[in-house]
Amino acid sequence: MSQNQAPAVSNWIKKQVGRAGGRGTVFGLSGGVDSAVVAALCKGATGNDTLGLIMPCHSLDEDIAHARLVADAFQIKTLTVDLSPVFDSLKAMLPEGTQLAYANLKPRLRMMTLYYFANLNHYLVVGTGNKSEISVGYFTKYGDGGVDILPLGDFLKREVRELARSLKVPQVIIDKPPSAGLWAGQTDESEMGVTYEEIDNYLKGLEEKTTSDLASQVKSKINTMMTTSEHKRSPLPIYYREKA
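As a starting point, this report considers the structure included with it. (Residues numbered from 1 in each chain as written. Predicted model: local features only at pLDDT ≥ 70, side-chain atom pairs only at ≥ 80, totals over all residues. Heavy atoms only, no water.)

1. Thoughts on the packing of aromatic side chains
Point 1. Under the counting rule described, the total for this entry stands at one aromatic pair.
Point 2. Geometrically, the ring pair formed by Tyr116 and Phe117 is edge-to-face, given 5.3 Å between the ring centres and 90 degrees between the ring planes.
Point 3. When its relative accessible area of 14% is taken as the criterion, Phe117 is described as buried.
Point 4. One Lys or Arg, Lys91, reaches over the ring of Tyr102 and ends 4.5 Å from the middle of that ring.
Point 5. The ring of Phe139 has Lys232 sitting right over it, with the charged end atom 5.1 Å from the ring centre. (Phe/Tyr/Trp six-rings, centres within 6.5 Å; stacked < 30°, edge-to-face > 60°. Buried < 20%, exposed > 50% of the residue type's maximum accessible area, 1.4 Å probe, protein only. Lys NZ or Arg CZ within 6 Å of the ring centre and 35° of its normal.)

2. Some thoughts on the nonpolar core
Point 1. Of all hydrophobic cores here, the largest spans 34 residues; its most connected members are Ile13, Phe27, Leu29, Val37, Leu41, Leu152 and Val169.
Point 2. Elements supplying a minimum of two residues to this core: helix H1 (5-19), helix H2 (33-46), helix H3 (61-74), helix H7 (157-167) and helix H8 (171-175).
Point 3. In contact with Val37, not counting residues within four places along its chain, are Leu152, Val160, Leu163, Ala164, Leu167 and Val169. (Core = buried A, V, L, I, M, F, W, Y, C linked by side-chain atoms within 4.5 Å. Helix = DSSP H or I, 4+ residues; strand = E, 2+ residues; numbered from the N terminus. Contact = heavy atoms within 4.5 Å.)

3. Quick word on the sheet that holds strand S3 (residues 77-80)
Point 1. Across the sheet, which stays open at both edges, the four strands sit in the order S3-S2-S1-S4 with parallel pairing between neighbours. The open sheet has two free edges, formed respectively by S3 and strand S4 (123-125), since each of these has just one partner strand. Neighbouring strand axes in the sheet, compared pairwise and without regard to direction, differ in orientation by 25 degrees on average.
Point 2. As defined by bridge partners, strand S1 (residues 24-28) adjoins strand S2 (residues 50-54) across four bridges and the pair is classed as parallel. In the sheet register, Thr25 faces S2, and the bridge partner there is Thr50. (Pairing = 2+ DSSP bridges. Axes fitted to C-alpha atoms, helices over the stretch in contact; angles between N-to-C directions.)

4. Re the packing of H1 against H2
Point 1. H2 packs onto H1 with a crossing angle of 60 degrees between their chain directions and a minimal axis gap of 8 Å. Of the possible angle classes, the one that applies to H1 and H2 is oblique. Pair H1 / H2 crosses with right-handed handedness. Contacts from Ala6, Val9, Ser10, Ile13, Lys14 and Val17 in H1 reach Leu41, Cys42, Gly44, Ala45 and Thr46 in H2.
Point 2. In terms of residue class, the contact of H1 with H2 is made up of seven nonpolar, three polar and one charged. (Parallel < 35°, antiparallel > 145°, perpendicular 65-115°, else oblique. Left-handed = near helix turned anticlockwise from the far one by under 90°. Nonpolar A, V, L, I, M, F, W, Y, C, P; charged D, E, K, R; others polar.)

5. Concerning the packing of H2 against H7
Point 1. Two elements in contact, H2 and H7, have axes separated by 9 Å at closest approach and are oriented at 50 degrees. Overall, the two elements H2 and H7 adopt an arrangement that is oblique. When you trace H2 past H7, the crossing you get is left-handed. When H2 is examined against H7, the residues Val33, Asp34, Val37, Ala40 and Leu41 are found in contact with a partner set consisting of Lys157, Val160, Leu163, Ala164 and Leu167.
Point 2. Looking at side-chain class alone, the contact of H2 with H7 contains eight nonpolar, no polar and two charged residues.

6. Looking at the pattern of salt bridges
Point 1. A complete count under the given rule lists seven salt bridges for this structure.
Point 2. The partner of Arg158 in a salt bridge is Glu197, with the nearest N and O atoms 3.2 Å apart. Pair noted here: Arg158 is in helix H7 and Glu197 is in helix H10 (residues 196-208), with a separation of 39 residues, a long-range link.
Point 3. Assessed through its relative accessible area of 23%, Arg158 is described here as partly exposed.
Point 4. By relative accessible area, which is 45% here, Glu197 ends up partly exposed.
Point 5. Here Arg158 ties to Asp200 by a salt bridge, and the two come within 3.9 Å at their closest N and O atoms. With a gap of 42 residues between them, Arg158 in helix H7 and Asp200 in helix H10 connect regions that are remote in the sequence.
Point 6. Here the residues in one salt-bridge network are Arg158, Glu197 and Asp200, joined through shared partners. (Salt bridge = Lys/Arg side-chain N within 4 Å of Asp/Glu carboxyl O.)

7. Some thoughts on unusual backbone geometry
Point 1. For His58, which is not glycine, the phi dihedral falls at a positive 55 degrees.
Point 2. Here His58 is to be found in the loop between S2 and H3.
Point 3. One non-glycine residue, Tyr142, lies in the positive phi region at around 60 degrees.
Point 4. For Tyr142, the location among the structural elements is in the loop between helix H6 (131-136) and H7.

8. Some points on H7
Point 1. Those residues of H7 lying buried are Lys157, Glu159, Val160, Leu163, Ala164 and Leu167. Mapping the buried residues of H7 onto a view down its axis gives an arc of 155 degrees, with all of them on the same face.
Point 2. Against the buried residues of H7 lie H1, H2, H3, H6, H8 and H10.
Point 3. Two residues or fewer past H7, Lys168 is found with a positive phi of approximately 65 degrees. (Arc of directions from axis to C-beta.)

Here is the structure:
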């Protein structure tokens, strides 16, 4: 990937903020590689008007430490909002649910918090989703999918790691297993049942109109994920009355 990609993406972010009449950017700083890359790109785009929110919700201490490591590396202003008490209170008010239903409360609480600070500062909320995640619907609707712009939306997971290396993101963050931190021991790949390498290879094959050598069950799994998550990527369906 061209070394010019990072400045080009930062310039795009700056243009989007200007087009919206905004002053800066705000994003969730999770301690993962996607979040770290977005942090660096936003810093290049909006300078001191860049805010990273660290929003633990019964999160691992390691993830919080990694988020602060990124903030220090790129000299990004941060605020920490512990959402654990809010999550616990909401959970206690609701009927008993499933692990996934509870887990999806976390990104939705984070989305509301991001927009609170966006409103306060006249910033745009910058999402951290990449092309691999978005294509198979691995994000929470109205959670981490509820953002203003997606600078990594056209980058496969492997390309995000390349960007991370070019931006000098700390190596420990590039190397850590991707995880949304939804529950103890959760990782993206174990939850999805496919690896990012498999998703990337499949999507690359579709782009280049080449035959993928992935196993048929892997292809079927990815196809199913893409089909069933289409509603997450599409505009809301609206019923239009027939004109008399």
